[in-house]
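Geometric and topological summary
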Amino acid sequence: MSQTVQQLLQTARQQLAQLVPASEASIEAQILLMHTLDVNRAWLLAHATDVVPEKSTQDFTHLLQRRLQGEPIAYILGYREFFGLKLAVTSDTLIPRPDTETLVEAALQKIMQPLQILDLGTGTGAIALALAWHAPQSQVTAVDASEGALRVAEKNRHCLQLDNVTLLHSHWFSALANQAFDLIVSNPPYIEAADQHLSQGDLRFEPLSALAAGEDGLADIRQIITQAPGHLNDGGWLMLEHGYNQAEAVQNLYQIAGFEHIQTLRDLGDNPRVTLAQWLVI
Ligand SMILES: C[S@@+](CC[C@H](N)C(=O)[O-])C[C@H]1O[C@@H](n2cnc3c(N)ncnc32)[C@H](O)[C@@H]1O
């Protein structure tokens, strides 16, 4: 039976309310219908009593079913906004998080002149592309161990026409022998392997290799902090995103490796989220 825009939205809202809070259910229903019909929110409001064509109703129902099975909205739409950039995402990539914008802001504050920048574990390219966009004179190298993620990052780089970004397949620094940078940034995996959140909500759908980092969640951070001094120019900075409860451990790791000016920044939710430090050659 043919249904109007408002009928479809109402049914979807009720079903989605089983999965997410009511306020989000309403927004998600609209997002899925806007995506299906390729219209904006104003159009939906102005055409509430329009009958939706049968094919579009089927497409919408298909997207809704995927969402009801828990698949994250970003994977269903195929994109996510990050730091003002529209980025393609697939199940090969982590979905960029608002928390990571804290890292980008901190990095931009260090860029007073063109720098050589490295993004470790680039995923969609979120951090690297945001930095390259806002610091067009700087050169950004972005690496990932996942070929699938690198394909998505390359697509995003190409769409944004960012010629100051080089993408490389590398296990952390493995493909970067003899290369040094002024600024190294990373949002590495940092969740404890046994954390039950990995099997809940959106995380179930994201690549485990982008999330889990050994028993204490610090395996990758430990490796990056230990190896970074070999790839930092004198006075260069290393900035790492980490779990809300890992700041003290990360500060210790920086200290042991001989970094100076260690500082932790808080994210939008007021959690300690990014720890940075400077490498000074004595
Ligand atoms: C938490 S995700 C971050 C993705 C992206 N930077 C962001 O902030 O949205 C971590 C990324 O590190 C990559 N990764 C995991 N282990 C790696 C390794 N040994 N070397 C390079 N990249 C790795 C994963 O493939 C994933 O893309």
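Residues numbered from 1 in each chain as written. Predicted model: local features only at pLDDT ≥ 70, side-chain atom pairs only at ≥ 80, totals over all residues. Heavy atoms only, no water.

With that settled, consider the overall build of the protein chain. Of regular secondary structure, the protein chain possesses ten helices and eleven strands. Each principal axis of the C-alpha atoms in the protein chain carries an extent, and together these give about 75 × 40 × 30 Å. Per-residue burial for the protein chain yields a buried fraction of 48% across its 282 residues. Taking all contacts inside the protein chain whose residues are at least 6 apart in sequence as the whole, residues at least 24 apart take part in 63%. Roughly 13900 Å² of accessible area belongs to the protein chain as shown, and the carbon and sulfur atoms make up 49% of that amount. Taking the 16 positively charged and 31 negatively charged side chains of the protein chain as two groups, their mean positions are separated by 6 Å. (Helix = DSSP H or I, 4+ residues; strand = E, 2+ residues; numbered from the N terminus. Buried < 20%, exposed > 50% of the residue type's maximum accessible area, 1.4 Å probe, protein only. Contact = heavy atoms within 4.5 Å. Areas by Shrake-Rupley, 256 points an atom, 1.4 Å probe, with all protein chains shown as cover. Lys, Arg positive; Asp, Glu negative; His and termini not counted. Charge placed at Lys NZ, Arg CZ, Asp CG, Glu CD.)

Glancing now at the UniProt feature "binding site: substrate" (unreviewed entry) in the protein chain. UniProt records the feature "binding site: substrate" (unreviewed entry) for Asn 187, Pro 188, Pro 189 and Tyr 190 in the present numbering. Among the secondary structure elements, Pro 188 is positioned in the loop between strand S8 (181-186) and helix H9 (219-227). We classify Pro 188 as buried; its relative accessible area is 3%. Excluding anything up to four places from it in sequence, Pro 188 contacts Trp 172, Asp 220, Ile 221, Ile 224 and Glu 241. Structurally, Tyr 190 is set in the loop between S8 and H9. When residues no more than four places from it in sequence are discounted, the contact partners of Tyr 190 are Leu 211, Ala 213, Gly 217, Ile 221, Glu 241, His 242, Gly 243, Gln 246 and Arg 273. (UniProt positions renumbered as here; feature names shortened; annotations may be inferred.)

Moving on to the UniProt feature "domain: Release factor glutamine methyltransferase N-terminal" (unreviewed entry) in the protein chain. Under the present numbering, the feature "domain: Release factor glutamine methyltransferase N-terminal" (unreviewed entry) in UniProt falls on residues 7-78. Split by type, residues 7-78 is 72% helix and 3% strand. Its first and last C-alpha atoms lie 25 Å apart.

This part covers the site of the ligand. Taken together, the neighbourhood of the ligand is formed by 18 residues, with Gly 121, Asp 144, Trp 172, Asn 187 and Ala 210 sitting nearest. A distance of 2.8 Å separates a nitrogen atom of the ligand from a polar atom in the backbone of Trp 172. The side chain of Asn 187 places a nitrogen or oxygen atom 2.9 Å from an oxygen atom of the ligand. For the ligand, whose free accessible area comes to 600 Å², the fraction covered by protein is 93%. Per-class residue counts for the shell around the ligand are eight nonpolar, nine polar and one charged. (Near = heavy atom within 4 Å. Polar contact = N/O pair within 3.5 Å; in protein donor to acceptor, adjacent residues only side chain to side chain. Nonpolar A, V, L, I, M, F, W, Y, C, P; charged D, E, K, R; others polar.)

For a regular strand, side chains alternate in direction, first toward one face of the sheet and then toward the other. Within strand S5 (residues 116-120), four of the five residues are buried, which leaves it mostly tucked inside the rest of the structure. Taken together, the five bridges between S5 and strand S6 (residues 139-144) define a ladder with parallel strand orientation. By the bridge assignment, Gln 116 is partnered in S6 with Gln 139. In this fold, the crossover linking S5 to S6 by way of helix H7 (residues 126-134) has right-handed handedness. In this sheet, S8 lies alongside S5 in parallel orientation, the contact comprising four bridges. Within S8, the residue paired with Leu 120 across the bridge is Ser 186. (Pairing = 2+ DSSP bridges. Right-handed = clockwise from strand over helix to strand, strands pointing away.)

Now for helix H4 (residues 54-68). Under the 1.5 Å per step criterion, the end-to-end length of H4 is 21 Å for 15 residues, consistent within 8% with the ideal 21 Å. Here the buried face of H4 lies against helix H1 (5-16), helix H2 (22-37), strand S2 (51-52) and helix H5 (73-77). Phi for Gly 70, located one or two positions after H4, is positive at around 100 degrees. (Expected span 1.5 Å × (residues − 1).)

Two elements, S6 and strand S7 (residues 165-169), share five bridges in a ladder whose sense is parallel. Bridge pairing links Asp 144 to His 169 in S7. A crossover links S6 with its parallel partner S7, the connecting element being helix H8 (residues 147-159), and its sense is right-handed.

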